[in-house]
Amino acid sequence: YGGMGLDFSYNIAVAEELGNIRCGGVPMAIGVQAGMATPALTRFGSDELKKQFLVPTIAGDFVACLGISEAGAGSDVANIKTTAVRKGNEYVINGGKMWTTSGCQADWMCLLANTSEGPPHRNKSLICLPMNLPGIHVAKKIDKLGMRSSDTAQIFFEDVRVPSKNLIGEEGKGFTYQMLQFQEERLWGVATVLTPLETIIQETIDYTRQRKVFDQSVLHNQAVHFRLAELATEVELLRSLLYRTVALYVEGNDVTKFASMAKLKAGRLAREVTDSCLQFWGGMGFTSEVLVSRFYRDLRLMSIGGGTDETMLSIICKYMETLPSK
């Protein structure tokens, strides 16, 4: 379908390299295309669907978005209200999606909707939804704290009709497919923050070395260089966890626990590194002229998007409860 047929470790290598871009929005938009809106289609979609949506998405001719979160259902995916009711050879879609990355410009959406009245984990399906259909309303481009180079949309659906053949895989399996898709999304997110965090630490070292306060460089203070050494160590530990998780995933293992741990740590470390380093920049750090202030805003999303820190902790706890008691 136009891809290179490489395993997931190559996605992570690309994600790490994209961290050299001096903002968070561009890597995130590429991540939606490569690791968030398309894995379920790649694994479970029909050949016809792949030719219609996956081929042009891989080629870069189509922009994809992921329609999961709603105003009343962010990390609580099971609580979404959007419906896709089967009528003949079509689904009729009503509802809306919130915080949709690339939603203002997307050519199609990987939509999660309720397709039956059954239990919340077995009544959902993923559907390839062209964004040019009647009844789709992009209500607004959301103004955000960070990631400002990436458009984020609020979208409403009013009696949108889509062919039933646009269903990805089996009806009712959408929640399961999305949970699998989430693992790649979270690992991609972790990989994209490693290089920015290293860059921020190095630029802070360079700045504090030349910045004089009370006749000596800021870096000369033991508290400063010890803190930077500690943060650099934390980044390396996160990288090791990511690589271990990816290796297990490529071998076909369930990495939900480790991916959740990595996502949790990445979000918290992104906040810790940017906040600590910004402090060492002093008044300059509070301006929009330096990279650390941009990543302070952009990387704050890491603890929210793709599942909050609290959601990651809940997942980790559930996996720990399955361990045999000693």
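Residues numbered from 1 in each chain as written. Predicted model: local features only at pLDDT ≥ 70, side-chain atom pairs only at ≥ 80, totals over all residues. Heavy atoms only, no water.

- Per an unreviewed UniProt entry, the protein is named IVD dehydrogenase, and its organism is Circaetus pectoralis.
- We quote the UniProt Sequence similarities (unreviewed entry) comment for the protein here in full: "Belongs to the acyl-CoA dehydrogenase family."
- In the Pathway (unreviewed entry) part of its UniProt record, the protein is described as follows: "Lipid metabolism; mitochondrial fatty acid beta-oxidation." (UniProt positions renumbered as here; feature names shortened; annotations may be inferred.)

Observations concerning the UniProt feature "domain: Acyl-CoA dehydrogenase/oxidase N-terminal" (unreviewed entry) in the protein
Thought 1: Using the residue numbers shown here, the UniProt feature "domain: Acyl-CoA dehydrogenase/oxidase N-terminal" (unreviewed entry) corresponds to residues 1–61.
Thought 2: Strand forms 0% of residues 1–61 and helix 69%; the C-alpha atoms that close the span are 13 Å apart. (Helix = DSSP H or I, 4+ residues; strand = E, 2+ residues; numbered from the N terminus.)

Some remarks on the UniProt feature "domain: Acyl-CoA dehydrogenase/oxidase C-terminal" (unreviewed entry) in the protein
Thought 1: Under the local residue numbering, the UniProt record ascribes the feature "domain: Acyl-CoA dehydrogenase/oxidase C-terminal" (unreviewed entry) to residues 172–318.
Thought 2: In the segment residues 172–318, helix accounts for 75% and strand for 3%; the C-alpha atoms at its two ends are 23 Å apart.

Details of the packing of aromatic side chains
The description of an aromatic ring pair uses the distance of the two centres, along with the angle that the planes make with each other.
Thought 1: If you walk through the whole model with that rule in mind, you get four aromatic pairs.
Thought 2: Centre to centre, the rings of F53 and W108 are 5.3 Å apart; their planes meet at 50°, and the pair counts as tilted. Placement of the pair is F53 in helix α4 (residues 47–59) and W108 in strand β4 (residues 108–114), with a sequence separation of 55 residues.
Thought 3: Given the relative accessible area of 2%, F53 is considered buried.
Thought 4: When its relative accessible area of 0% is taken as the criterion, W108 is described as buried.
Thought 5: Ring geometry for Y207 against W281: centres 4.1 Å apart, planes inclined by 10°, an arrangement best described as stacked. (Phe/Tyr/Trp six-rings, centres within 6.5 Å; stacked < 30°, edge-to-face > 60°. Buried < 20%, exposed > 50% of the residue type's maximum accessible area, 1.4 Å probe, protein only.)

Here's the deal with the pairing of strand β2 (residues 83–87)
Thought 1: Note that β2 and strand β3 (residues 90–101) share five bridges and pair antiparallel. By the bridge assignment for β3, R86 is matched with Y91.
Thought 2: Between β2 and the antiparallel strand that follows it, β3, lie two residues; G88 among them carries a positive phi value of about 65°. (Pairing = 2+ DSSP bridges.)

Structural notes on the layout of surface pockets
The gaps left among the atoms become clear once a water-sized probe is rolled over them.
Thought 1: Approximately 990 Å³ is the volume attributed to the largest pocket.
Thought 2: What lines the largest pocket is a set of 47 residues, and nearest its centre among them are M28, T101, L301, G305 and G306.
Thought 3: Elements with a minimum of two residues in the lining of the largest pocket: α2 (25–36), β3, α5 (174–210) and α8 (291–298).
Thought 4: Sorting elements by how many residues they give to the lining of the largest pocket places α5 first, with eight residues.
Thought 5: Its residues placed into classes, the lining of the largest pocket shows 24 nonpolar, 15 polar and eight charged.
Thought 6: When residues of the lining of the largest pocket are assigned to domains, at least three fall in each of domain 1 (37–170) and domain 2 (176–320).
Thought 7: Approximately 840 Å³ is the volume attributed to the second largest pocket.
Thought 8: Secondary-structure elements contributing two or more residues to the lining of the second largest pocket are α1 (8–18), α2, α3 (39–44), α4 and α5.
Thought 9: It is α1 that provides the largest number of residues to the lining of the second largest pocket, a total of four residues. (1 Å grid on protein atoms, 1.4 Å probe; cavity = no way out; pocket = protein on both sides within 12 Å on 5 of 7 lines; lining within 4 Å. Points joined across faces, edges and corners; volume = space filled by probe spheres on them. Nonpolar A, V, L, I, M, F, W, Y, C, P; charged D, E, K, R; others polar. Domains from an automatic or database assignment.)

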